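Each chain, letter by letter, is given below.
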Amino acid sequence: LVAADNQGTIELQNGCACCSLADELLVSVEKLIEQQKEKGIDAVVVELSGVADPIAVKQNWLAAKANEHPVTKLADLSRVVTVVDACTFGTDWMTWDVAGMRDGWTDPVDECSGNRKVPELLAEQVEAANLIVVNKADLAGENQVEIATGVAQSINDKAGLYSVEWGKVDPREILGLNAVLEVELEVEAPSHSHDHNHDCAEPDCTDTSHSHDHDHQASTHSHDHDHACEDSSCTDPSHDHSHSHDHADACTDPDCTDESHEHSHSHDHSTAADKLGIINFVYKASKPFDTGRLMGLLNQWPVPIKDELDLGLIQDSPEENYEVHGPLSLDSPFLGVLRSKGFCWFAPQKWAGANDDVWRHDTAMYWSHAGRHFGISSAGKWWGTVSPDKMKNYFIGNEAEYDRILEEDFVSKEFGDRRQEIVFIGTQIDQEKITSALNDCLLTDMEMNLYRQTLENFLKASLSGEAKGPSLFDTFGNDHLDAK
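Below you will find a few notes about this structure. Owing to the predicted nature of the structure, the values given are computational and were not obtained by experimental measurement. Residue numbering note: each chain is counted from 1, following its sequence as written. Reporting in this predicted model follows two pLDDT cut-offs: at least 70 for local features of residues, and 80 or more for side-chain atom pairs to be given and counted; totals over whole chains, interfaces and linings ignore these cut-offs and use all residues. To get the side-chain values, take all heavy atoms of the structure and skip hydrogens and water.

Two side chains that carry opposite charge are able to pair once their charged atoms sit near each other. Every case where a carboxyl oxygen of Asp or Glu lies within 4 Å of a side-chain nitrogen of Lys or Arg is listed as a salt bridge. Under the criterion given, the structure shown has 17 salt bridges. One salt bridge in this structure joins Asp357 and Arg360, with 2.7 Å as the shortest N-O distance. Taken as a pair, Asp357 and Arg360 share a single burial class, namely buried. Measuring nitrogen to oxygen at the nearest pair gives 3.5 Å for the salt bridge that ties Arg419 to Asp409. With a gap of ten residues between them, Arg419 in the loop between helix 14 (399-409) and strand 14 (420-427) and Asp409 in helix 14 connect regions that are remote in the sequence. Classification of Asp409 as buried rests on a relative accessible area of 10%. Relative accessibility decides the category of a residue: with a 1.4 Å probe and only protein chains considered, values under 20% of the type maximum give buried, values over 50% give exposed, and everything between is partly exposed. Helix and strand labels come from DSSP, where a helix needs a run of H or I of at least four residues and a strand needs a run of E of at least two; each type is numbered from the N terminus.

This is the structure we're talking about:
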């Protein structure tokens, strides 16, 4: 694994840090910290390849922490920084390519990385970030930068964002040290401190350097901020900012920390998306989809025909940007959808005999769409397939997530966390039309009653040993839709 070890740098050999080399990554970080023990280390930066999955790396670290791996007592993975190329963002979002088709992107023998779809890879790396750096702003041009920042902010509105040239960003932002500094300063100045879990308690306070409406919930899973932070010097990427920089001659130096003048990088998490007409909503339902009806709807999904993302064309002339098959034509509810993902629940169509799909009852399906790519694949079992006590064993050391899942994801006592939960992000999308189209694919009340009765009969037969064929608890098979 260690190909070079010079001056505090460890270079990893070819392999996937998110799967095949996960353990070696942990060992290498531990080795680096131990080697520099006398000098001391403020932070360790792990530079992943352009096709890595930072979410998987974070999950591996959490698993190592739960298993008390030695390195997790020396360091913690606290920040993900994603660098976006503003020049290629639009074309990469609309490409049909998988990573293995790009020269030099992956090792030919690394199927894990080679099969990743470029638009989906781009979206997931942005979604995983605590800080997004949109680079090459000088080369891309205003329109490309606006599209890259707008889409990035719309799919991850919790991350801080910088639009920069030559990758110039204050190292303290990369390492998250500015946020630490602010906390320390706040502790040292108790005469005017504000608890961010509550509104400012001083009725006469007129200090505009901070917001009086912060709602920072102490949760490792989500931070719901109903109001934007108004602190002009705040660099905390965990909440939204609404800095307004109206000076005609804004400072463009990303390393500048002089607060006496404005800076051109923006922390505004809504302006760019709003300007482009990008909105999002989450579709939720507590009944399963009829597989046939849903696939019929998705087979009419409008496919963009342009090779570069052009939001103006999507808004003004959709007939010039999409190819649509089927009766929905340009009335498709999915026109303008840029990204959609989430979990789905499908009803089995055949409960017994050859080619039965009874496994659908217990299997969560993952819906993922970005650009021209769309796929639905198996995501493992629903938590509702195991008892709460057994489930709790998977969350040792992370009880808060266990409690969150039971409270938020378990939508019924009867079926547990089986549900539809899909986020849609796009330009001028129609929430009502999308919701109505998907609701038409859910089981009707009569079909739901039949579902319950068939499930009951199947479970009785399984317990009596009369069932033949695959077990209810076997997970296999994928539904995949990715038409060209």
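So that's the structure; there's more coming.
This paragraph deals with the sheet that holds strand 6 (residues 278-285). One open sheet accounts for five strands, arranged 6-14-10-12-13; its pairing is antiparallel. Edge positions in the sheet fall to strand 6 and strand 13 (373-381), since each has one partner strand and no second. Neighbour-to-neighbour, the strand axes of the sheet open up by a mean angle of 15°, direction not taken into account. Paired strands are those between which DSSP finds at least two bridges. Alignment of strand 10 (residues 337-344) against strand 14, held across six bridges, turns out to be antiparallel. Across the sheet, residue Lys341 finds its bridge partner in strand 14, namely Val423. Axis lines are fitted through C-alpha atoms, for helices just across the contact stretch, and the angle between N-to-C directions can take any value from 0 to 180 degrees.

In this fold, Thr82 is placed in strand 3 (residues 81-85). The exposure class assigned to Thr82 is buried, which follows from its relative accessible area of 8%. Taking the C-alpha atoms as reference points, Thr82 and Ala129, 47 residues apart in sequence, are found 5.7 Å from one another. Every residue in contact with Thr82, bar those within four places of it in the chain, is listed here: Gln125, Val126, Ala129, Leu131, Ile132 and Val133. Think of a polar contact as two N or O atoms within 3.5 Å of one another; within protein, one of them needs to be a possible hydrogen donor and the other a possible acceptor, and neighboring residues in sequence only count if both atoms come from side chains. Among the polar contacts listed, one links the side chain of Thr82 to the backbone oxygen of Gln125, at a separation of 2.7 Å. Residue contacts are defined here by distance: any two heavy atoms, one from each residue, within 4.5 Å place the two residues in contact.

Burial analysis of helix 5 (residues 118-127) places ten of its ten residues in the buried class, the great majority of the element. Where helix 5 is concerned, the buried positions are Val118, Pro119, Glu120, Leu121, Leu122, Ala123, Glu124, Gln125, Val126 and Glu127.

To continue, consider the pairing of strand 3. Within a regular strand, side chains alternate between the sheet's two faces. Judged by which residues are buried, strand 3 turns out to be one-sided: Thr82 and Val84 face inward and are buried, whereas Val81, Val83 and Asp85, on the alternate face, are not. Here strand 3 pairs with strand 4 (residues 131-135) via five bridges, running parallel. Note on strand 4: the bridge partner recorded for Val83 is Val133.

The next point concerns unusual backbone geometry. In this model, Lys136 sits at a positive phi of 65°, which is unusual for a non-glycine residue. With respect to the helices and strands, the residue Lys136 is situated in the loop between strand 4 and helix 6 (137-140). Judged by its relative accessible area of 32%, Lys136 falls in the partly exposed class. Positive phi, normally seen in glycine, also occurs at Trp166, with a value near 55°.

Note that patches include only residues with greater than 30% relative accessible area and no salt bridge, and the join distances are 9 Å for like charges and 5 Å for nonpolar side chains (Val, Leu, Ile, Met, Phe, Trp, Tyr). Only the protein chains shown count as cover for residues, and all accessible areas are computed by the Shrake-Rupley method using a 1.4 Å probe. A grouping of Ile41, Val44 and Val46 is seen on the molecular surface, where their side chains present a nonpolar patch of about 190 Å² in accessible area. Within the secondary structure layout, Val44 lies in the loop between helix 1 (22-35) and helix 2 (54-66).

Here we come to helix 11 (residues 291-298). Within helix 11 the residues assigned to the buried category are Thr291, Leu294, Met295, Leu297 and Leu298. Each buried residue of helix 11 lies within a common arc of 160° when the element is viewed along its axis, so the set occupies one face. The inward-facing, buried residues of helix 11 abut strand 7 (289-290), strand 11 (346-347), strand 12 (363-370), strand 13 and helix 15 (431-439). Two to three positions downstream of the cap, the backbone nitrogen of Gly292 sits 3.3 Å from a side-chain oxygen, assigning the N-cap of helix 11 to Asp290. Taking the helix axis as origin, the arc is that swept by the directions to the C-beta atoms.

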